[in-house]
Amino acid sequence: MTKNNKIKIFITGGAGFIGTNFILYMMKKYPDYQIINFDSLTYAGNLNNLKSIENNPKYKFIKGDICNPGEVKPAMTGCDWIVHFAAESHVDRSIMDPDTFVKTNILGTNVLLRVAKELEIKRFHHISTDEVFGELGNEGKFTEKTPYDPRSPYSASKAAADHLVRVYFHTFGLPITISNCSNNYGPYQFPEKFIPLFASNLIENQKVPLYGEGLNIRDWIHVDDHSSALDLILHKGKIGETYCVGGDAEKTNLEITNLILKYFKKGDEMIEKVADRAGHDFRYAIDFSKIKKELGWSPKVNFEKGLAETLKWYQDNQDWWKKIKSGEYKKYYEEQYKNRS
Ligand SMILES: NC(=O)c1ccc[n+]([C@@H]2O[C@H](COP(=O)([O-])OP(=O)(O)OC[C@H]3O[C@@H](n4cnc5c(N)ncnc54)[C@H](O)[C@@H]3O)[C@@H](O)[C@H]2O)c1
């Protein structure tokens, strides 16, 4: 491996929400590391996110598809670590078009694993989600030992990818780690997702589409806390292990909606209750005691403070999301919500 201060990281999906934030976090904290951002720039990939570092000699963007080994192999050659974010990530889209999710999230992950094995990569870190565990009732939390029970095409494709990653460890000895994280929030999140969608709608004085009665519960983590967990797993995590990463902030969708309405000084009349998502899991919650005990990690960002800072970012960066909302996303959004009441 290259010397520790010269580590070269191959990041997939770095032009998306979490990948962007992770690259910015790592380049600030480890200015000597080299970063390759490998991304095919789907509707969710946005190089404007990374304008501030595009001329940094330690950073390189390569446009490529994780499903194409001919593009992956030359780009991955010479890298020490893989951090694999690239995925189709929106549950609603997976319900409308499962095939794309199977292709990118399962077959794409398999291509990366195969090439990583061939190149004898020193670490393959796979970014997964708490959604692979299915849903919880009012009690209990997910741990690394919770059996998988995915319930949407998105979570099923992520679950299959997790299994493949473990298979490459057990069968081929590829040095892997996996993290299963809860819902992230922060800057640069595509405005089809809950928090940026509601923030941008309210800034434009449009109603916000709340699923059902808004009683579904998610654990929320600030994207910088996710990045700090990944940083620790990469540097100190044990090969072959999985780490559950959570924000210690369980909230109903309605609670979050009310916080967003309050921030923008809007009333309940801006809520438009829409038909619930098919198979909408009731509750996710994460027990992150393993990463806390073994690596000394815990989330640092208080949810209310982190949410207010995030909403301010969407308020201050309207050009960023307005460009997205007026483009391809607009067609998708109109299609998706046209039959909802
Ligand atoms: N957003 C969350 O709350 C959350 C929570 C837990 C886990 N995750 C996982 O984290 C990862 C990143 O999520 P996100 O919210 O940043 O997603 P995102 O949709 O914002 O970004 C995905 C990125 O992957 C790229 N991509 C998609 N298909 C590709 C392909 N075939 N080849 C190369 N690049 C491709 C896209 O262009 C985009 O830049 C995903 O694996 C997701 O499952 C997300």
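Everything discussed here concerns the structure shown above.
Residues numbered from 1 in each chain as written. Predicted model: local features only at pLDDT ≥ 70, side-chain atom pairs only at ≥ 80, totals over all residues.

1. Some words on the sheet that holds strand β6 (residues 176-181)
Right, on to step 1. Here we have 7 strands laid out as an open sheet, ordered β3-β2-β1-β4-β5-β6-β10, and parallel in their pairing. Lying at the two open borders of the sheet, with one neighbouring strand each, are β3 (59-63) and β10 (242-245). Taken pair by pair, the neighbouring strands of this sheet meet at an average axis angle of 20 degrees, ignoring direction.
Right, on to step 2. Examined bridge by bridge, β6 and β10 share 4 bridges and lie parallel to one another. Within β10, the position partnered with S179 by the bridge is Y243.
Right, on to step 3. Sheet contacts for helix α7 (residues 223-236): β4 (81-84), β5 (123-129), β6 and β10; angle to β6, the most-contacted strand, approximately 160 degrees. (Pairing = 2+ DSSP bridges. Helix = DSSP H or I, 4+ residues; strand = E, 2+ residues; numbered from the N terminus. Axes fitted to C-alpha atoms, helices over the stretch in contact; angles between N-to-C directions. Contact = placed C-beta atoms within 7 Å.)

2. Some remarks on the packing of helix α4 (residues 98-118) against helix α5 (residues 153-172)
The relative placement of two packed helices is expressed as an angle between their axes plus a distance between the axes.
Right, on to step 1. It is at 9 Å that the axes of α4 and α5 come closest, and there the two elements cross at 15 degrees. One element, α4, and the other, α5, form an angle in the roughly parallel class. Read as a crossing pair, α4 and α5 show a hand that is right-handed. Seen from α4, the contacting residues are P98, F101, V102, N105, I106, T109, N110, L113 and K117; seen from α5, they are P153, Y154, S157, K158, A160, A161, L164, V165, Y168 and F172.
Right, on to step 2. Of the residues belonging to the contact of α4 with α5, the class tally is 13 nonpolar, 4 polar and 2 charged. (Parallel < 35°, antiparallel > 145°, perpendicular 65-115°, else oblique. Left-handed = near helix turned anticlockwise from the far one by under 90°. Nonpolar A, V, L, I, M, F, W, Y, C, P; charged D, E, K, R; others polar.)

3. Digging into the environment of D287
Right, on to step 1. Looking at the secondary structure, you find D287 in the loop between β12 (271-274) and α9 (289-295).
Right, on to step 2. Excluding anything up to four places from it in sequence, D287 contacts K141, F142, T143 and C244.

4. Side note on the site of the ligand
Right, on to step 1. The full set close to the ligand counts 29 residues, and G13, G16, A44, G45 and A87 are the nearest of them.
Right, on to step 2. Looking at the shell around the ligand, the elements that each hand over two or more residues are α1 (17-29), α4, β5 and β7 (183-185).
Right, on to step 3. The dominant element in the shell around the ligand, judged by the number of residues it contributes, is α1, at 3 residues.
Right, on to step 4. In terms of residue class, the shell around the ligand is made up of 13 nonpolar, 13 polar and 3 charged. (Near = placed C-beta within 6 Å.)

5. Topic: the nonpolar core
Right, on to step 1. By size, the foremost hydrophobic cluster in this structure holds 79 residues, and its most contacted members are I11, I82, A116 and V245.
Right, on to step 2. Setting aside chain neighbours within four positions, we find V245 in contact with S179, N180, C181, I221, H226, A229, I286, F288 and I291. (Core = buried A, V, L, I, M, F, W, Y, C linked by C-beta atoms within 7 Å. Buried ≥ 20, exposed ≤ 12 C-beta atoms within 10 Å, placed from the backbone.)

6. Overview of the pairing of strand β2 (residues 34-39)
Right, on to step 1. Counting buried residues along β2, 6 of its 6 residues qualify, which places the element largely inside the surrounding structure.
Right, on to step 2. Residue alternation in β2 divides its side chains into two sets, Q34, I36 and F38 and I35, N37 and D39, and both sets are buried.
Right, on to step 3. Where strand β1 (residues 8-12) meets β2, 5 bridges bridge the pair, whose relative direction is parallel. In the strand pairing of β2, I11 is matched with N37.
Right, on to step 4. Taken together, the 5 bridges between β2 and β3 define a ladder with parallel strand orientation. Pairing of I36 across the sheet is with K60, part of β3.

7. Thoughts on the packing of helix α2 (residues 69-76) against α4
Right, on to step 1. Packing of α2 against α4 leaves a shortest axis separation of 10 Å and a crossing angle of 45 degrees. One finds that α2 runs oblique with respect to α4. Relative to α4, α2 is oriented so that their crossing is right-handed. Contact with α2, carried on its side by P69, V72, K73 and M76, involves V111, L112, R114, V115 and A116 of α4 and no other residues of that element.
Right, on to step 2. Grouping the amino acids of the contact of α2 with α4 by side-chain chemistry returns 7 nonpolar, no polar and 2 charged.

8. Quick look at the sheet that holds β7
Right, on to step 1. With mixed pairing, the 3 strands of this open sheet are ordered in space as β7-β9-β11. Only two strands of the sheet have a single neighbouring strand rather than two, namely β7 and β11 (250-252). In this sheet, adjacent strand axes meet at a mean angle of 50 degrees when their direction is disregarded.
Right, on to step 2. In this sheet, β11 lies alongside strand β9 (residues 217-222) in antiparallel orientation, the contact comprising 3 bridges. Bridging across to β11, I217 finds its partner in T252.

Scope: geometric values only; no functional claims are made or implied.
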